[in-house]
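What follows is each chain in one-letter form.
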Amino acid sequence: MSLGRSMPRLDAVGKTTGATDYAGDLAPPGVLAAKVVFTGQPHARLVGLDVAACEAAPGVVTVVTAADVPVNEYGLTMFDQPVLIGGSATSDRQVPPDVSRWEADHLAVVVAETERQAETAALLLEPTWEQLPVVADLDAALADGAPVLHPEDNPACTDPGSNAYHHYVIRKGDAAAAMAEADVVVEGTYHLPHQEHAYLQPEAALAYIDHEGRVTVETAGQWIHEDQEQVAHALDLPLDRVRIVYRAVGGAFGGKEDMSLQIVLALAASKLQDLGIDRPVRCRWSREESIIGHHKRHRGRVTARWGATADGRLLAVEATGHLDAGAYNYTSNKVLGNLHLTVAGPYDVPNATIDSWAVYTNAVPGGAFRGFGGPQGCFVSESQMNKLADACGLDPVEIRRRNLLTDGATGITGTTMPAGVSLPPVVDACAEAARWTDPIGPPRPLAAFASLPASTETVKRGRGFACGYKNVGFSFGFPERSEARIVLSGPRDGGGDADPSRDLDGEDSPVSAELYLAGADVGQGAHTAFVQLAAEATGLDPAHITGHFSDTASSGDSGSASASRLSFMTGNAILGAAEEAEKAWRDGARPAEGFFRYVPPPTEPLHPDGLPTTPNFAYGYVAEAVDLSVDVATGHIVVHDVVCAVDVGRAINPVLIEGQVEGAVVQAHGYVLSENLVVSDARTLNPRFSGYLIPGIGDIPERVRTVCLEIPDPLGPFGVRGMAEMPFIPYAPAVTAALFDATGVWFHRFPLTPDRVLAGLRAAETRRAGEVLQRRRPANELG
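Residues numbered from 1 in each chain as written. Predicted model: local features only at pLDDT ≥ 70, side-chain atom pairs only at ≥ 80, totals over all residues. Heavy atoms only, no water.

**Topic: the nonpolar core**
Inference 1: With 205 residues, the main nonpolar core has Val 281, Ile 574 and Leu 752 as its most contacted residues.
Inference 2: When near neighbours in sequence (up to four residues on either side) are disregarded, Val 281 contacts Val 31, Leu 32, Ala 33, Ala 34, Val 111, Ala 205, Leu 206, Ala 207, Leu 265, Ala 268, Ala 269 and Leu 272.
Inference 3: Formed by 18 residues, the second largest nonpolar core is a distinct cluster that contains Val 37, Val 60, Ala 108 and Ala 112. (Core = buried A, V, L, I, M, F, W, Y, C linked by side-chain atoms within 4.5 Å. Buried < 20%, exposed > 50% of the residue type's maximum accessible area, 1.4 Å probe, protein only. Contact = heavy atoms within 4.5 Å.)

Dropping the structure here:
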């Protein structure tokens, strides 16, 4: 058995010894340095660009501008962003490329002999700008008379020519009538913050023309074939003239799903070739460039109203949500879809009216980030459910048990949930491991600051519960697929010694296999999991599987390292490829090759009128309990214990699963407690880790416990179910529920920095004092 073993990661030795090459380490002989110049303009029209002084600077080889871009547009789900600012649109549907809509839009690429020379020369560029009104945030974008940031007639938008350019609706039952019948109604407006990915490795790339004449980019990303398509589109090249290779990827979390350096470095390599210069070119962003220059988790605002019976049975959900897409769509239309589905929670909701919009502003774009809209939606839904529990006088776990989705239930979009809904056992397992019904412990001594002694005098303790779900795989009709190739070899093929324990129809069995897969390992250990899956599928020992990964020249399209899909999708592709290879082996092929393209059941786009649709083919399920203390005199919070129960279907590598749970919880901990990205007037003001505070080792939860359930997914390979995003999703509402349990105050916005907690507690005190005073005033003073 290869599955269920915590075998060491394939990349462990190379990464711990420093032998592994990341994209930023690549420096072949003769390499040139590129400086990507940001516009620095949240909203301005480029009137002119003088590059003469820059081109004449010492060491400069060439300057790439918009005039060098064959097709000046790109985008993961819609072409709405210029590659380089400059020039004019060629059709009504093309984004006007002469307008900078974001401070990190790219103006030019300076190529020089050294990084210092490129950086110095970049300062000599002389752009002339016509300033345009800045649409800084949601309120500005939705105001009457607001400038329309994207006037182009983009067919991918539901409402082209509007800042509120993408709209989803859910209409299930009669929410208004059900709300009127409700015994209990709870509501709130929830404010959702940006989050920076903060991956260890900033963006880097090396580009050159390879020996077959292909424009080649070695970089770090999440989907080599999508990178290939976008580079080929912008350079107006056939796909086979572009090659993408991923070196080791030092973290991504969704932040490397969109373009950063891929297209502009490919343009630089192509221009160098046109100039007769056969030299590679590389670029490495600083941390400040990375934080300013790539998208973030969406900020947004959701107003929700839920109605229930007195015994806690959910009757109706009403919600209105807006996500700040920033200057360009990236994946906002898809992230919005996940928010749209999850604001009603993982519950059997008989009646719902939900409207959600993605809105263009001049702020940093929102895009993919672990959970992909799920954390934002879950914060709303689980806060609402915890409020219902309080209003009904019910235990938070019990009220969930009365409302959870189950197998055969109708989901929020009006169709039957995919088989394998495991929410009830997941919730029960979490509650049991957290000893939920036991009395909570006494306050623990807490030192809010190192200079203060630890004390319990002003410390209160509480615990909270939340659960959630999220899609596994691409959604909303997006074509989902994954390809794998396996080559089986015997002793005569150079594969090693025969294994007498394996025999196919009396012949010598394969002794080794080569696995060709494009799926990216972004730090989660995916390549190790792929080898274990291939070993299970072929019956070989993992040590006899050789993996060839993440190169468009050798691998079919495996899809993105996102949507908790890789193990599920590639596992099914590996199973099919192994079967095909074994068929070829039985037919006498030596070596024997098998190729397979796995396509899951189809999904459907959300209906514009809210009619029933099937948005997803599989889901993952999770529940979390949080135990914390808060110093009500300082607002300082310490999380003592986190229990995360997650259904993985079948554990491929248990230690890697624990790593995903612990990493997701720590990342979510920063999201809810400390990470405060300051974006004002569409500019990011704290693009360094000295001002954007990710948790240090002393800030994270004192203990994180993983409860791993293995309830097979009917469609998963060997029952495997995607899980990497799930532990992030319910953490924020579990923390705010615990804070309410400790203080009696609900918090509708985060991060819960000490100053924000203290202000919230004081505001609640003031409200309570005012209510008491109002009740005590004589009737003749009440006016």
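So that's the structure; there's more coming.
**Details of the packing of helix H15 (residues 654-673) against helix H16 (residues 731-743)**
A pair of packed helices is captured by two measures, namely the crossing angle of their axes and the spacing between those axes.
Inference 1: Following both chains from N to C, one finds H15 and H16 inclined at 55 degrees, their axes separated by 9 Å at the closest point. It follows that H15 is oblique to H16 by the angle criterion. Relative to H16, the crossing made by H15 is right-handed. Residues Val 665, Ala 668, His 669, Val 672 and Leu 673 of H15 form the contact with H16, whose own contacting residues are Tyr 731, Ala 732 and Val 735.
Inference 2: The residue makeup of the contact of H15 with H16, split by class, is 7 nonpolar, 1 polar and no charged. (Axes fitted to C-alpha atoms, helices over the stretch in contact; angles between N-to-C directions. Helix = DSSP H or I, 4+ residues; strand = E, 2+ residues; numbered from the N terminus. Parallel < 35°, antiparallel > 145°, perpendicular 65-115°, else oblique. Left-handed = near helix turned anticlockwise from the far one by under 90°. Nonpolar A, V, L, I, M, F, W, Y, C, P; charged D, E, K, R; others polar.)

**Considering the sheet that holds strand S6 (residues 126-131)**
Inference 1: The antiparallel open sheet is built from 3 strands, whose spatial order is S4-S2-S6. The open sheet is flanked by strand S4 (99-100) and S6, the only strands paired with a single partner.
Inference 2: Of the pairings in the sheet, the one linking strand S2 (residues 44-50) to S4 comprises 2 bridges and is antiparallel in character. Looking across to S4, one finds that Arg 45 is bridged to Val 99. (Pairing = 2+ DSSP bridges.)

**What about the packing of helix H10 (residues 374-392) against H16?**
Inference 1: Two elements in contact, H10 and H16, have axes whose closest approach is 8 Å; the angle formed by their N-to-C orientations is 30 degrees. On the basis of their axis angle, the class for H10 and H16 is roughly parallel. In the packing of H10 onto H16, the handedness of the crossing is right-handed. Residues Cys 378, Phe 379, Glu 382, Ser 383, Asn 386 and Asp 390 of H10 lie in contact with H16, whose contacting residues are Ala 732, Pro 733, Thr 736, Ala 737 and Phe 740.
Inference 2: A class-by-class count of the residues in the contact of H10 with H16 yields 6 nonpolar, 3 polar and 2 charged.

**What to know about the environment of Ala 352**
Inference 1: As for its placement among the helices and strands, Ala 352 is situated in strand S15 (residues 351-360).
Inference 2: Of the residues examined, Ala 352 reaches a relative accessible area of 1% and is grouped as buried.
Inference 3: Once the C-alpha coordinates of Ala 352 and Val 148 are considered, the two residues, 204 residues apart in sequence, prove to be 31 Å apart.
Inference 4: Other than its neighbours up to four places away in sequence, Ala 352 contacts Ile 170, Arg 171, Lys 172, Ala 175, Val 317 and Ile 412.

**Considering the confidence of the model for the protein chain**
Inference 1: Of all residues in the protein chain, 97% have pLDDT values of 70 or greater, and the mean over the chain is 95.
Inference 2: Overall, residues 498-506 carries pLDDT values under 50, and its contacts beyond four positions in sequence, including any with other chains, amount to 16 contacts.
Inference 3: Here residues 779-783 is a poorly scored stretch, pLDDT under 50, and it has 2 contacts once near neighbours within four places are set aside; other chains count. (pLDDT = per-residue confidence, 0-100.)

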